[in-house]
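# Structure at a glance
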Amino acid sequence: MYILCDMSRQKILVYGITGMTGTRFAELVRDKFKIIGPPRFIVDLTNKKQVKKNIRDVSPDQILYLAGITKVDEAQQNPKNAYLLNSEAVKYAAKESALLNIPFHYVSTDAVFDGKLKNRLYKENDKTNPISIYGKSKLAGEKVVLEFSNKNSVIRTIMIYSPNYPHKKDFAKFAYESLKYKKPITGIIDQFINPTYVDDLVNGICKILQKRESGIYHVAATDSTTNFEFLKKIEKTFKFNKNLITETTFNEFFKDKTAPRQQYSRLSTEKFRKKFGNGILHKIDQGINEFKKQMSKLETQPIDV
């Protein structure tokens, strides 16, 4: 998918450049503007002095924070670490940004809601009520960012999937590999979501950076589905064997998980689409089709040995 914004060579300091979104962000926009993405061994985000020095040395036009703990069960088991990376480190960077009048953009999550809203999608101004340590730590990060400056933004997204990232297996990639190699897989029939194709998230972030928008925006697929139906969409798109897919319920699937999950976790993208138009975010089927195109390209490339 091509990039949909022109950054006019702004200098963007990106924390978390080696993650799933950060890697794709760098790939898609590297010719559009200057990206500075310091690795962990250069800048320890939990070290206030290092963060302060890095921001002053780079002197960016804007800062994008993609770092932090994203594994829900890991956060539940290590709350101190989750708050340190998802909130405290954010505070160090956002405070310095505010002092230097630099817009700061924080990518957050649907997990700031409790997942009990059955009759509609969550809007940006709906009441937050996280039920997991992960969600609570991300909400703490959101509050810090929005309190420090009215130039800052929070970009909430949900269930990101990507064909290009080898270091973390998202649900779509796991489903693809399971079905490709004829392994059975289970889908949840009563968990409602709107998964986000990574290129849509990157293009959404780009528009927010380009316009220097502030406040909260939801960036996700423009429609929603169940976990089970999302799995079936992948099976149908790739023409896999549908008999490999079995059903389960939300309560059954998550009964032994460390962290609680949200059952009705759908983000409304209406605010974003009203502001930026309808050509940036796509429906779930379109995202899966792009996922397939990218997977096809990757699988025809030679392997380095």
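Basis of the calculations
- Residues numbered from 1 in each chain as written.
- Predicted model: local features only at pLDDT ≥ 70, side-chain atom pairs only at ≥ 80, totals over all residues.
- Heavy atoms only, no water.
- Core = buried A, V, L, I, M, F, W, Y, C linked by side-chain atoms within 4.5 Å.
- Buried < 20%, exposed > 50% of the residue type's maximum accessible area, 1.4 Å probe, protein only.
- Helix = DSSP H or I, 4+ residues; strand = E, 2+ residues; numbered from the N terminus.
- Contact = heavy atoms within 4.5 Å.
- Polar contact = N/O pair within 3.5 Å; in protein donor to acceptor, adjacent residues only side chain to side chain.
- Phe/Tyr/Trp six-rings, centres within 6.5 Å; stacked < 30°, edge-to-face > 60°.
- Lys NZ or Arg CZ within 6 Å of the ring centre and 35° of its normal.
- Pairing = 2+ DSSP bridges.
- Axes fitted to C-alpha atoms, helices over the stretch in contact; angles between N-to-C directions.

### What about the nonpolar core?
Ranked by internal contacts, the top residues of the largest apolar core, which has 23 residues, are Val14, Phe25, Val29, Leu64, Ile155, Ile205 and Phe272. Of all elements in the fold, only strand 1 (11-15), helix 1 (20-29), helix 7 (198-210) and helix 10 (270-276) reach the threshold of two or more residues within this core. Ranked by residue count, the leading element in this core is helix 7, at six residues. Those residues within four positions of Ile155 in sequence are excluded, and the remaining contacts are His105, Tyr106, Val107, Ser108, Leu201, Ile205, Ile208, Tyr217 and Val219. Grouped together as the second largest cluster of nonpolar side chains are 22 residues, Val43, Val58, Ala89 and Ala93 included.

### A word on the side chain of Glu213
Summarising the element assignment, Glu213 is placed in the loop between helix 7 and strand 10 (215-218). A distance of 3.3 Å separates polar atoms of two side chains, one belonging to Glu213 and the other to Lys275. With residues up to four places along the chain from it excluded, the contact list for Glu213 reads His105, Lys151, Ser153, Ile208, Lys275 and Phe276.

### Some thoughts on the packing of aromatic side chains
Evaluated as defined, the whole model comprises 20 aromatic pairs. Seen from their ring centres, Tyr217 and Phe276 are 5.7 Å apart, and the 55° between their planes marks the pair as tilted. Of this pair, Tyr217 sits in strand 10 while Phe276 sits in helix 10, placing them 59 residues apart in sequence. The structure contains a cluster of three or more aromatic residues connected by ring pairs, namely Tyr161, Phe171, Tyr176, Tyr197, Phe230, Phe238, Phe240 and Phe291. Across from the ring centre of Tyr217, 4.5 Å away, lies the NZ or CZ of Lys271, which sits over that ring.

### Concerning the sheet that holds strand 1
Reading across the sheet, the six strands line up as 2-1-3-4-5-10 and stay open at both edges, with parallel pairing between neighbours. Edge positions in the sheet fall to strand 2 (34-36) and strand 10, since each of these pairs with one other strand and no more. The sheet shows a mean angle of 25° between the axes of neighbouring strands, taken without regard to direction. Both strand 1 and strand 3 (residues 62-65) contribute to a ladder of four bridges, which runs parallel. The residue of strand 3 that forms the bridge with Leu13 is Ile63. Sheet strands touched by helix 4 (residues 79-99): strand 1, strand 3 and strand 4 (104-109). Its angle to strand 4, the strand with the most contacts, is close to 160°. Taken strand by strand, helix 5 (residues 133-148) contacts strand 4, strand 5 (153-157) and strand 10, and its axis lies near 160° from that of strand 4.

### Focus: the sheet that holds strand 11 (residues 225-226)
Read across the open sheet, the three strands follow the order 11-8-13; overall the sheet is mixed. If you trace the sheet from one side to the other, it starts and ends with strand 11 and strand 13 (264-265), each paired once. As judged from the two bridges shared by strand 8 (residues 192-193) and strand 11, these two strands associate in the antiparallel manner. Paired with Phe192 across the strands is Thr226, a residue of strand 11.

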